[in-house]
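# Survey of secondary and tertiary structure
If you want the building blocks of each chain, they are given just below.
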Amino acid sequence: EPEVTQTPSHQVTQMGQEVILRCVPISNHLYFYWYRQILGQKVEFLVSFYNNEISEKSEIFDDQFSVERPDGSNFTLKIRSTKLEDSAMYFCASLGLRSPLHFGNGTRLTVT
Amino acid sequence: AQSVTQPDIHITVSEGASLELRCNYSYGATPYLFWYVQSPGQGLQLLLKYFSGDTLVQGIKGFEAEFKRSQSSFNLRKPSVHWSDAAEYFCAAARAAGNKLTFGGGTRVLVKP
């Protein structure tokens, strides 16, 4: 079964540094998402992406965050200047016309 | 505001016993409803979904869920749990296909031998 692939599985960075989290969605899917889960808390929506633009974003997704689909296969989340509170598990997901939402296994981001 | 509530944070169940996880939603209209399972260090795996039609939905791994409009609920059940069912379970809802998911807080299930 096709799956959503996320790299790296764990990223450690220092506060103030930029990080890019990478995702390869399922190839024929059209909708792409980022969610995050702070340790011990619920999964929260960050942003959705369709037709090469952001279709919806949450309050969490401020100017420090950006998404890109640079080459038609990768879907990236960039955090420009990380803060301690950005430490979380970040999940990428993709959705096709006739398939349910598929999540990747996540990238655990640790900001020190 | 749209919300999904899972009243039970932890549930402990004996292997072979039945399991029921509660989920309530608050949406303007009946949303699309989902149950996901997350094993430690893993991603979110879809167990089942409800869009419309038959209110009893069958999923993978022997799970089923029942949609009750009058109670705004979508409870997950399994008749006989296995040790491998120990995980965290999330109920989620969306206004429509392609819309963002709103997740409940999760219920952690522990299975006693």
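The present account deals with the structure reproduced in this document.

## Some words on the overall build of chain A
Within chain A, the secondary structure is distributed over zero helices and eleven strands. Shown N-terminal to C-terminal, the secondary structure of chain A runs as helices and strands in the order β-β-β-β-β-β-β-β-β-β-β. Relative to its length of 112 residues, chain A is compact, with a C-alpha radius of gyration of 13 Å against a globular reference of 13 Å. By its C-alpha atoms, chain A is 40 × 25 × 25 Å across when sized along the principal axes. In chain A, which comprises 112 residues, the proportion classed as buried is 43%. Long-range pairs, those at least 24 residues apart, make up 53% of the contacts in chain A with a sequence separation of at least 6. Entry remark: accessible area of chain A is about 5900 Å², with carbon and sulfur atoms responsible for 45%. Between the averaged position of the 10 positive side-chain charges in chain A and that of its 13 negative side-chain charges there is a distance of 1 Å.

## Digging into the sheet that holds strand 8 (residues 75-79) of chain A
Residues and elements named next belong to chain A. Here we have four strands laid out as an open sheet, ordered 1-3-8-7, and antiparallel in their pairing. This sheet does not close on itself; its edge strands, each paired only once, are strand 1 (5-7) and strand 7 (65-68). Along the sheet, successive strands turn relative to each other by an average axial angle of 20°, direction set aside. Of the strand pairs in this sheet, strand 1 and strand 3 (residues 19-24) are connected by three bridges, and their pairing is antiparallel. For Thr5, the partnering residue across the bridge sits in strand 3 and is Val24.

## Overview of the side chain of A:Thr76
Mapped onto the elements of the fold, A:Thr76 is located in strand 8. Those residues within four positions of A:Thr76 in sequence are excluded, and the remaining contacts are A:Ile20, A:Leu21, A:Arg22, A:Trp34, A:Ser66, A:Val67 and A:Glu68.

Scoring rules and cut-offs
- Residues numbered from 1 in each chain as written.
- Chains lettered and ligands numbered in written order.
- Predicted model: local features only at pLDDT ≥ 70, side-chain atom pairs only at ≥ 80, totals over all residues.
- Heavy atoms only, no water.
- Helix = DSSP H or I, 4+ residues; strand = E, 2+ residues; numbered from the N terminus.
- Rg over C-alpha atoms; globule rule 2.2 N^0.38 Å.
- Buried < 20%, exposed > 50% of the residue type's maximum accessible area, 1.4 Å probe, protein only.
- Contact = heavy atoms within 4.5 Å.
- Areas by Shrake-Rupley, 256 points an atom, 1.4 Å probe, with all protein chains shown as cover.
- Lys, Arg positive; Asp, Glu negative; His and termini not counted.
- Charge placed at Lys NZ, Arg CZ, Asp CG, Glu CD.
- Pairing = 2+ DSSP bridges.
- Axes fitted to C-alpha atoms, helices over the stretch in contact; angles between N-to-C directions.

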